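# Architecture and fold: a report
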Amino acid sequence: MINLKSPANRWAWVEIDQAALRHNVREFRAIIPRGVKMMCVVKADAYGHGAVACSKVMLSAGADQLAVATVDEGVRLREAGIEAPILILSEPPVTSVETLVEHDLMPSVYSEEFALIYGEAAAAADKVGRYHLAINTGMNRIGVLPREVVEFRRAIDFHRGLECAGTFTHFATADEIGGWDFELALNRFVTAVDALREAGIDPGIVHCDNTPGTILHPEARMDMCRVGIGLYGLHPADVTIPKIDLRPVMSVRARVTHTVYPEVGDGVSYGLTYRVPKRNVQIATVPIGYADGLSRNLSNQMEVLVGGARCRQVGRICMDQFMFAVDVNTNRAFHPTHPVEFGDVVTVIGWDGDQLITADDHARLRDTINYEVTCDFGLRLEKVYV
């Protein structure tokens, strides 16, 4: 259903379906075994969906913990009154330790220097600095090598200001079934955790399954699952589509701000890369551009939905606007004299009638992934929660 209440200051917005978000959280909660915790990833402003609002919906629907990418993202959640455990998914700079302690944020840890400085800051505040130990099982992005985890923990565990609340890794190929690389990474992680326990060291909450892992690899759910992109109704891979019912949470909409009937042969937008081919072609302008996340690479390639009908975007996408064409001679969805009018709602992503344009559609045209599409749209457009 299209939201007809647009923002007052600009006729362009991102629409967030809270019911769909709640549904997706519960779908994941249903496949995660009882007793296994669920960590919801809300980094990058919840993949463009709005971290504060989405976090509150997720926690009310069954989430246990949250994860973000940066300290500032965690602080914003705390300032919004969110009290659930929050993990920073990488090790921040040492200059952030006082902020971490003040706001009770758990960093990922994989260097002794950071761990000890963090512990000192926590002890100075008469607190205990909780953290999660990151293990590098083959992605080679962050983490302690499996063969070094016991030595690493022994080097920092003496500090009274530190407490290991969890141990985790991240898989590079969890979206594959029966993949050798995934099995190798999982084996490395299990071996490292076992080594900690055999040495009498508590690993805390053990977690490794991400969104595709949670769906495809139940053997790796362990103490907690970290779910990200799937919460927003987007699949991490085609192979997960038949295995869980997810509903897209984000729609991108705007209103028509201008219409014109150019002369035959007239061009549209910078460089005049599209020229009007015949009479009675209407050009309509929409106030969304590449500064809002609509990639300039989509110019003359994408479609939009208006009144339940598909229309072709034409001309180069501008920083703040784009144009689309309506051929009143052939498109029967529109009246010949007034096919599109000022103020009509245009759907860039989402449903309109029985027609749908998805983030995956945009991703295919851009040669990227749906994650990037929604993150981009969350940069500047106002969010309307329905």
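Moving on, we get to the packing of aromatic side chains. Aromatic rings considered in pairs are described by the distance between their centres and by the relative angle of their planes. Within the structure shown, the criterion is met by five aromatic pairs. Note on Tyr 47 and Tyr 371: the rings are 6.1 Å apart at their centroids and 40° apart in plane angle, and the pair reads as tilted. Taken together, the residues Tyr 47 in helix α2 (residues 43-47) and Tyr 371 in helix α11 (residues 370-377) connect sequence positions 324 residues apart. Judged by relative accessible area, Tyr 47 falls into the buried class, the value being 7%. Summarising the aromatic geometry, the rings of Phe 114 and Tyr 118 are spaced 5.9 Å apart at their centres and angled 15° between planes, so their arrangement reads as stacked. One end of the pair is Phe 114 and the other is Tyr 118, both in helix α6 (residues 112-124) and four residues apart, which spans about a single turn. Accessibility classification places Phe 114 together with Tyr 118 in one group, the buried group. Among the aromatic residues, those joined into a cluster by ring pairs are Tyr 47, Tyr 232 and Tyr 371. The ring of Trp 11 has Arg 255 lying over it, and the distance from NZ or CZ to the ring centre is 5.8 Å.

What follows covers the pairing of strand β16 (residues 309-314). Sheet topology places strand β15 (residues 303-306) next to β16; four bridges connect them, and they run antiparallel. Bridging across to β16, Val 304 finds its partner in Cys 311. Where β15 folds back onto β16 in an antiparallel hairpin, the turn is made up of two residues, including Gly 307, whose phi is positive at roughly 55°. Sheet analysis places β16 next to strand β17 (residues 322-327), joined by three bridges and oriented antiparallel. Looking at β17, one finds that Arg 312 is bridged to Ala 325.

The next thing to look at is unusual backbone geometry. Even without glycine at this site, Asn 140 takes up a positive phi of about 60°. Position of Asn 140 among the secondary structure elements: in the loop between β6 (129-134) and α7 (149-156). A relative accessible area of 59% means that Asn 140 is categorised as exposed. A positive phi angle, near 60°, is found at Asp 367, a position not held by glycine. Relative to the assigned elements, Asp 367 resides in the loop between α10 (359-366) and α11.

Right, let's get into the side chain of His 362. Checked against the element boundaries, His 362 lands in helix α10. The class of His 362 is buried, set by a relative accessible area of 2%. Look past the residues within four positions of His 362 in its chain and what remains in contact with it is Leu 294, Leu 298, Met 302, Val 348, Ile 349, Ile 357, Val 373 and Phe 377.

What counts, and at which threshold
Within any chain, residue numbers begin from 1 and follow the written order of that chain's sequence. Whole-chain, interface and lining totals are the exception, using all residues; otherwise, since this is a predicted model, local features are given only for residues with pLDDT of at least 70 and side-chain atom pairs are given and counted only at 80 or more. To obtain the side-chain values, all non-hydrogen atoms of the structure were used and water was disregarded. Pairs were defined over the aromatic rings of Phe, Tyr and Trp, the Trp ring being its six-membered one, requiring ring centres within 6.5 Å. Orientation was assigned from the angle between planes: stacked under 30 degrees, edge-to-face over 60, tilted for the rest. Comment: elements are numbered from the N terminus, with helices defined as DSSP H or I runs of at least four residues and strands as E runs of at least two. Think of it in three bands: residues with accessible area under 20% of the maximum for their type are buried, residues over 50% are exposed, and the middle band is partly exposed, with areas taken using a 1.4 Å probe on protein chains only. We call a charge positioned above a ring when the Lys NZ or Arg CZ atom is no farther than 6 Å from the ring centre and deviates by at most 35 degrees from the ring normal. Here the rule is simple: two strands pair whenever DSSP picks up at least two bridges between them. In this analysis, two residues are considered to be in contact whenever any of their non-hydrogen atoms come within 4.5 Å of each other.

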